[in-house]
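Report on the structure
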Amino acid sequence: MSKATKRKHVTKEVLDDFILPEDGQQIVKVTAGKGNNLHEVESQNQDKFLVSMPTKFRKNVWIKRGDFVLVQPIEEGDKVKAEIVTILYKEQIKYIKSEGLWPAVFESEETKSNSMISDDLLPPSDDSDEDNTCDSVMNINRKQVAVYDESDESDDEDG
């Protein structure tokens, strides 16, 4: 199987399969990426531990801080206590909630992490300027420069 075909099947599986937690599996929240395909997660009892990402997900599926994953505990690790079974996206989370299996601890956190654009990242709205309908997101990595319109008729008259 080529890399492209493998990537296609893995992404389709992650996005389209709606898996419920089985015996021993639990839903956890990713709190940090630790490198070497290890991620620090927080369980519903506020325990923090490391989980590993299986080989099939590596370089095919990406997770970030605040995402939710379904993990299966492993016995052989002291520090790494579980392995990721699947990454939970918005539709999978909705399905798990409809089945009544979503942890109550993550109820309010899930709505915060799924907000696509923070209000802090939006450009300031100027209600007086109606033709400024910019819906773009401000780049917080760049220094913001104020631009002033100096188009007064009295300064630049020829004559």
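Residues numbered from 1 in each chain as written. Predicted model: local features only at pLDDT ≥ 70, side-chain atom pairs only at ≥ 80, totals over all residues. Heavy atoms only, no water.

Going by what an unreviewed UniProt entry lists, the chain is known as Probable RNA-binding protein EIF1AD and is assigned to Mizuhopecten yessoensis. For the record of the chain, the UniProt heading Sequence similarities (unreviewed entry) holds the text "Belongs to the EIF1AD family." (UniProt positions renumbered as here; feature names shortened; annotations may be inferred.)

1. Concerning the pattern of salt bridges
For the structure on display, the rule yields four salt bridges. Of the charged contacts, one joins Lys94 and Glu91 as a salt bridge, the two residues approaching to 3.7 Å between their closest N and O atoms. With a gap of three residues between them, Lys94 and Glu91 both fall in helix H2 (residues 90-98), about one helical turn apart. The exposure class of Glu91 is partly exposed, given its relative accessible area of 43%. For Glu107, the salt bridge is made with Lys97, and the minimal N-O distance between the two is 3.2 Å. With a gap of ten residues between them, Glu107 in helix H3 (residues 107-113) and Lys97 in helix H2 connect regions that are remote in the sequence. For Glu107, a relative accessible area of 38% puts it in the partly exposed group. (Salt bridge = Lys/Arg side-chain N within 4 Å of Asp/Glu carboxyl O. Helix = DSSP H or I, 4+ residues; strand = E, 2+ residues; numbered from the N terminus. Buried < 20%, exposed > 50% of the residue type's maximum accessible area, 1.4 Å probe, protein only.)

2. What to know about the packing of aromatic side chains
Enumeration according to the criterion identifies four aromatic pairs in this entry. Between Phe68 and Trp102, the aromatic rings sit 5.1 Å apart at their centres with planes inclined by 70 degrees, giving edge-to-face as the arrangement. In this pair, Phe68 sits in strand S4 (residues 68-73) while Trp102 sits in the loop between H2 and H3, placing the two residues 34 residues apart along the sequence. On the basis of relative accessible area, Trp102 is assigned to the buried category, the value being 8%. Clustering of aromatic rings is evident, with ring pairs tying together Phe68, Trp102 and Phe106. (Phe/Tyr/Trp six-rings, centres within 6.5 Å; stacked < 30°, edge-to-face > 60°.)

3. Overview of the confidence of the model for the chain
With 76% of its residues at a pLDDT of at least 70, the chain reaches an overall mean of 79. Below a pLDDT of 50 lies the segment residues 113-123, which in the model reaches 13 contacts outside its immediate sequence neighbourhood of four places, other chains included. (pLDDT = per-residue confidence, 0-100. Contact = heavy atoms within 4.5 Å.)

4. As for the sheet that holds strand S2 (residues 38-42)
Pairing is mixed in the closed barrel, where five strands are placed in the order S1-S2-S3-S5-S4. On average, each strand axis in the sheet is inclined to that of its neighbour by 55 degrees, with strand direction left out of account. (Pairing = 2+ DSSP bridges. Axes fitted to C-alpha atoms, helices over the stretch in contact; angles between N-to-C directions.)

5. What about the pairing of strand S3 (residues 48-52)?
With four of five residues buried, S3 lies mostly within the body of the structure. In the sheet, S2 pairs with S3 via five bridges, with the strands oriented antiparallel. Residue pairing in the sheet places Glu40 in a bridge with Leu50 of S3. As consecutive antiparallel partners, S2 and S3 are separated by five residues, and within that stretch Gln46 has a phi angle of approximately 70 degrees, a positive value.

6. Overview of the side chain of Gln25
Among the structural elements, Gln25 can be located in the loop between helix H1 (3-16) and strand S1 (26-35). Only 3.1 Å separates the side chain of Gln25 from the side chain of Gln72, close enough to count as a polar contact. (Polar contact = N/O pair within 3.5 Å; in protein donor to acceptor, adjacent residues only side chain to side chain.)

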